[in-house]
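# Structural description and commentary
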Amino acid sequence: MSWKSKYNIEFKGLKEGLHDYQFEVNEKFFEHFEESMVDNGEVSVKVKLEKRSAFLRLSFALEGWLELVCDRCLDNYNQDVSLETELFVKFGEEDEFEEGDNVIWVLPEEHAINLAQIIYEYVTLSIPLRHVHPDESGENSCNQEMIDRLNNITQHEADDDEEEEIDPRWAALKNLKNNN
């Protein structure tokens, strides 16, 4: 039995109406996705399936935390994540498939849908663009030693750039850039 099978929803035989499911995502889940941004975390995924004769509507509610690397100091930290979204599952033959946002197509003879990849994508979408330690009561909780080292390195590079003699051809190009 595949690890993905615990993320299956069997929709054949379900009565029309609402059905609730819950899935847990942790480090074992993320191990199965190559080059994942996330290696560790705990996210609870609640799925509300609304079954209709022509389609399924899946409402996702994700809540939990993920371990990320801070963009400022490169230390690991726990990022709270949450996301609410919907996905429609429509039934049809391959020639009927239309691409669309939040719509996936399933062949009519299918009896289950696997949500592992979909859950992974939604968890990834819940990650903020900037990965920085959350400010705790206005104080930066980044690793101050690393911040000081980075500031020291960038200061030395700036000093080295000022000391280097600039090739006159580049200086002329820089003047062109400054005129625009």
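Being a predicted model, the structure only gives us computed values, none of them experimental. (Residues numbered from 1 in each chain as written. Predicted model: local features only at pLDDT ≥ 70, side-chain atom pairs only at ≥ 80, totals over all residues. Heavy atoms only, no water.)

Glancing now at the confidence of the model for the protein. Across the protein, the average pLDDT comes to 83, with 86% of residues at 70 or higher. Confidence scores differ between elements of the protein, with helix α3 (residues 144–163) showing the lowest mean pLDDT of 68 and strand β3 (residues 41–51) the highest of 94. (pLDDT = per-residue confidence, 0-100. Helix = DSSP H or I, 4+ residues; strand = E, 2+ residues; numbered from the N terminus.)

All right, on to the pattern of salt bridges then. Scanning the entire structure with this criterion turns up 4 salt bridges. A salt bridge links Arg 52 to Glu 50; the nearest nitrogen and oxygen atoms lie 2.7 Å apart. For Arg 52, a relative accessible area of 32% corresponds to the partly exposed category. You can call Glu 50 buried: its relative accessible area is 12%. In the salt-bridge network here, residues are joined through shared partners; they are Glu 50, Arg 52, Arg 57 and Glu 86. (Salt bridge = Lys/Arg side-chain N within 4 Å of Asp/Glu carboxyl O. Buried < 20%, exposed > 50% of the residue type's maximum accessible area, 1.4 Å probe, protein only.)

On to the packing of aromatic side chains. Following the criterion strictly, the structure yields 8 aromatic pairs and no others. Taking 5.1 Å as the distance between ring centres and 65° as the angle between the ring planes, the aromatic pair formed by Tyr 7 and Phe 29 counts as edge-to-face. Of this pair, Tyr 7 sits in the segment before β1 (8–10) while Phe 29 sits in helix α1 (residues 27–30), placing them 22 residues apart in sequence. Phe 29 carries the same exposure label as Tyr 7, and that label is buried. Here Phe 29 falls in the buried class, since its relative accessible area comes to 2%. Counting every residue linked through ring pairs, the aromatic cluster contains Tyr 7, Phe 23, Phe 29, Phe 30, Phe 33 and Tyr 120. (Phe/Tyr/Trp six-rings, centres within 6.5 Å; stacked < 30°, edge-to-face > 60°.)

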